[in-house]
Amino acid sequence: QGHTYGLSFWAPYYGTGGYMLNTYDFRSALVTSYNSCIDMRRTDQDYDNARRMLAQWREVVPDMIDAGWGRIVLVGSRAAIDHFGGQAAFNIAKAGVAALGQSVATELEGTDVTANVLMPSVIDTPATRQSLPYADYVNWPTPDEIAAVAEFILSEESAVINGALIPVYGGA
């Protein structure tokens, strides 16, 4: 549950870029990932990450500016800055989300609207544990821990944070 701080707010959410690990041949995965990156006509989920977020924020940012207050929290990934092999399209898509957040933050300077990007790594969920049954998940961040960071970033107290790529890795 979040706090409204006496203000009404609308918090649009667009979840993109879920990632599931599979057992695969590294060479074929690399070729598939590379081909996904060079064919910019593709409209699959990886390519759509930043494009859809940009379209969404174009709609709501003017209202936030008119209201005199707003918080934008995008969800990127650690993969945007630590480029893991075998997932080039995902890495590029999440780097686009990070760049979008920082670009929007720069454009919003001088307003009371901020934009930041949460950068989780692997998240401790039942689905992740099932995909990685032998992994050491003890230090992975939980959805609740990530949500607590997002709740602070959405608060008035976070006004001095703008354009940040916020690591929410836990010990992963």
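This text goes with the structure placed above it.
Positions within a chain are numbered from 1, following the residues in the order the chain's sequence is written. With the structure being a predicted model, the display of local features is reserved for residues of pLDDT at least 70 and the display and counting of side-chain atom pairs for 80 or more, all residues being used for whole-chain, interface and lining totals. Remark: hydrogens and water are excluded; side-chain values derive from all non-hydrogen atoms of the structure.

### Regarding the overall build of the protein
By definition, any uninterrupted DSSP run of H or I lasting at least four residues is a helix, any uninterrupted run of E lasting at least two residues is a strand, and each is numbered from the N terminus. Each helix and strand in the protein was counted, giving five helices and three strands. Counting only residues that meet the buried cut, the protein has 35% of its 172 residues in that class. Carbon together with sulfur atoms contributes 56% to the accessible area of the protein, which is approximately 10,500 Å² in total. Each residue is assigned to one of three classes by its accessible area relative to the maximum for its type, calculated with a 1.4 Å probe on protein chains only: buried under 20%, partly exposed between the two thresholds, exposed over 50%. The method behind every accessible area is Shrake-Rupley, applied with a 1.4 Å probe, and residues are considered shielded solely by the protein chains displayed.

### Digging into the sheet that holds strand β3 (residues 165-168)
At least two bridges found by DSSP between two strands is the condition for calling them paired. As summarised here, the arrangement of the three strands in space is β1-β2-β3, forming an open sheet in which the pairing is parallel. Strands with a single pairing partner mark the edges of an open sheet, and in this sheet they are β1 (70-75) and β3. Each strand axis lies, on average, 30 degrees off the axis of its neighbour in the sheet, ignoring direction. The sheet contact formed by β1 and strand β2 (residues 113-120) spans six bridges and is parallel. Pairing of L74 across the sheet is with V117, part of β2. Contacts are assigned to residue pairs that have any heavy atoms within 4.5 Å of one another. Axis lines are fitted through C-alpha atoms, for helices just across the contact stretch, and the angle between N-to-C directions can take any value from 0 to 180 degrees. Contacts from helix α3 (residues 88-107) reach β1, β2 and β3, with the element oriented near 160 degrees to β2. Sitting on the sheet, helix α5 (residues 143-153) touches β1, β2 and β3, and the angle it makes with β2 is about 165 degrees.

### Points about the pairing of β2
The buried fraction of β2 is high, at eight of eight residues. The two faces of β2 match: V113, A115, V117 and M119 on one face and T114, N116, L118 and P120 on the other face are all buried. In this structure, β2 lies alongside β3, joined through four bridges in parallel fashion. Of the residues in β3, the one forming a bridge with M119 is P167.

### Some details on the pairing of β1
Counting buried positions along β1 gives five out of six residues, so the element sits mostly inside the fold. For the handedness criterion, the strands are oriented away from the viewer, and a crossover whose path from the first strand over the helix to the second runs clockwise is classed as right-handed. This β-α-β element, β1 to α3 to β2, shows right-handed connectivity.

### Considering the packing of aromatic side chains
Centre distance within 6.5 Å is the pairing criterion for rings of Phe, Tyr and Trp, where only the six-membered ring of Trp is used; planes under 30 degrees apart are then read as stacked, over 60 as edge-to-face, and the remainder as tilted. Following the criterion strictly, the structure yields one aromatic pair and no others. We count a charge as sitting over a ring when the NZ of a lysine or the CZ of an arginine lies within 6 Å of the ring centre and within 35 degrees of the ring normal. The side chain of R78 reaches across the aromatic face of Y169, ending 4.3 Å from its centre. Taking NZ or CZ as reference, R129 lies 3.4 Å from the ring centre of Y137, over its face.

### Some words on the pattern of salt bridges
Whenever a carboxyl oxygen of Asp or Glu lies within 4 Å of a side-chain nitrogen of Lys or Arg, that contact is scored as a salt bridge. Tallying each qualifying case throughout the model produces two salt bridges. In this structure, the salt-bridge partner of R78 is D82, at a minimum N-O distance of 2.9 Å. Among the residues examined, D82 registers a relative accessible area of 30% and is labelled partly exposed. In this structure, the salt-bridge partner of D124 is R129, at a minimum N-O distance of 2.6 Å. The class of D124 is buried, set by a relative accessible area of 14%.

### Comments concerning α3
The span you would expect from a helix comes to 1.5 Å times its residue count less one. Taking 1.5 Å per residue, 20 residues should reach 28 Å; α3 reaches 28 Å between its end C-alpha atoms and fits that length. Of all the residues in α3, the buried ones are A89, F90, N91, A93, K94, V97, A98, L100, G101, V104 and A105.

### Regarding α5
Restricting attention to buried positions, one finds in α5 the residues I146, A150 and I153. For α5, the arc enclosing every buried residue in end-on projection is 55 degrees, short of the 170-degree limit, so these residues lie on one face. Close packing links the buried residues of α5 with β1, β2 and β3. The arc in question is formed by the directions pointing from the helix axis toward the C-beta atoms.

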